[in-house]
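One letter stands for each residue in the lines below.
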Amino acid sequence: MRVISVCVGSSCHLKGSYDIIRIFKELLNKYNLENEWELKAEFCCNNCRNPVSVKIDGSNPYSVSPDDAEAFFREKILEAK
Ligand code: FES
């Protein structure tokens, strides 16, 4: 199972972590990927000066804002299949 993790540390939280989690959850459901991808919350990974930190399979953090979350999902999750 692959893993997307979204930082919910205080700085990322203020920048919309929970909106991103909600958007990813909806998209995983929409594309029937819930059995392939696990969505996790994680704590600060020292990338706080950027938008919300999102990791794919423990990668270095990508910086994603709620407005970019759907485009990020398409690029990294749908098109990476
Ligand atoms: S709070 Fe998310 S990287 Fe620090």
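What you are looking at is a predicted structure, and each value in this text was computed from that prediction instead of being measured.

**Points about helix 2 (residues 17-30)**
Between its first and last C-alpha, helix 2 extends 20 Å over 14 residues, near the 20 Å set by a 1.5 Å rise per residue. Of all the residues in helix 2, the buried ones are Ser-17, Ile-20, Ile-21, Ile-23, Phe-24, Leu-27 and Leu-28. Burial along helix 2 is one-sided: seen end-on, the buried residues are contained in an arc of 165 degrees. Facing away from the buried side of helix 2 by over 90 degrees, the exposed positions are Lys-25 and Lys-30. Tucked into the core, helix 2 has its buried residues touching strand 1 (2-7), helix 1 (10-14), strand 2 (37-42), strand 3 (52-56), strand 4 (62-64) and helix 3 (69-78). At the exit of helix 2 stands Asn-32, carrying a positive phi of roughly 55 degrees.

**Here's the deal with the sheet that holds strand 2**
In a beta sheet, neighbouring strands pair by backbone hydrogen bonds and run either parallel or antiparallel. The four strands are arranged 2-1-3-4 in an open sheet whose pairing can be described as mixed. Both edges of this open sheet fall to strand 2 and strand 4, since each of them pairs with a single strand only. On average, adjacent strands in this sheet sit at an angle of 30 degrees to one another, irrespective of strand direction. The sheet contact formed by strand 1 and strand 3 spans three bridges and is antiparallel.

**Side note on the side chain of Asn-47**
Counting through the fold element by element, Asn-47 comes out in the loop between strand 2 and strand 3. Classification of Asn-47 by relative accessible area gives buried; the value is 14%. Reaching out from Asn-47, the side chain makes a polar contact with the side chain of Asn-50 at a distance of 2.6 Å. Residues contacting Asn-47, with those up to four places away along its chain left out, are Ser-53, Pro-61, Tyr-62 and Ser-63.

**Concerning the environment of Arg-22**
Among the structural elements, Arg-22 can be located in helix 2. Each C-alpha atom, one on Arg-22 and one on Pro-66, is 9.7 Å from the other, the two residues being 44 residues apart in sequence.

**A few points about the confidence of the model for the chain**
Overall, the prediction assigns the chain a mean pLDDT of 96, with 99% of residues at 70 or greater. The secondary structure element of the chain with the lowest average pLDDT is helix 3, at 96, and the one with the highest is helix 2, at 98.

**Points about the environment of Asn-29**
Relative to the assigned elements, Asn-29 resides in helix 2. Between the alpha carbons of Asn-29 and Tyr-62 there is a distance of 22 Å; along the sequence they are 33 residues apart.

Conventions used here
- Residues numbered from 1 in each chain as written.
- Predicted model: local features only at pLDDT ≥ 70, side-chain atom pairs only at ≥ 80, totals over all residues.
- Heavy atoms only, no water.
- Helix = DSSP H or I, 4+ residues; strand = E, 2+ residues; numbered from the N terminus.
- Expected span 1.5 Å × (residues − 1).
- Buried < 20%, exposed > 50% of the residue type's maximum accessible area, 1.4 Å probe, protein only.
- Arc of directions from axis to C-beta.
- Contact = heavy atoms within 4.5 Å.
- Pairing = 2+ DSSP bridges.
- Axes fitted to C-alpha atoms, helices over the stretch in contact; angles between N-to-C directions.
- Polar contact = N/O pair within 3.5 Å; in protein donor to acceptor, adjacent residues only side chain to side chain.
- pLDDT = per-residue confidence, 0-100.

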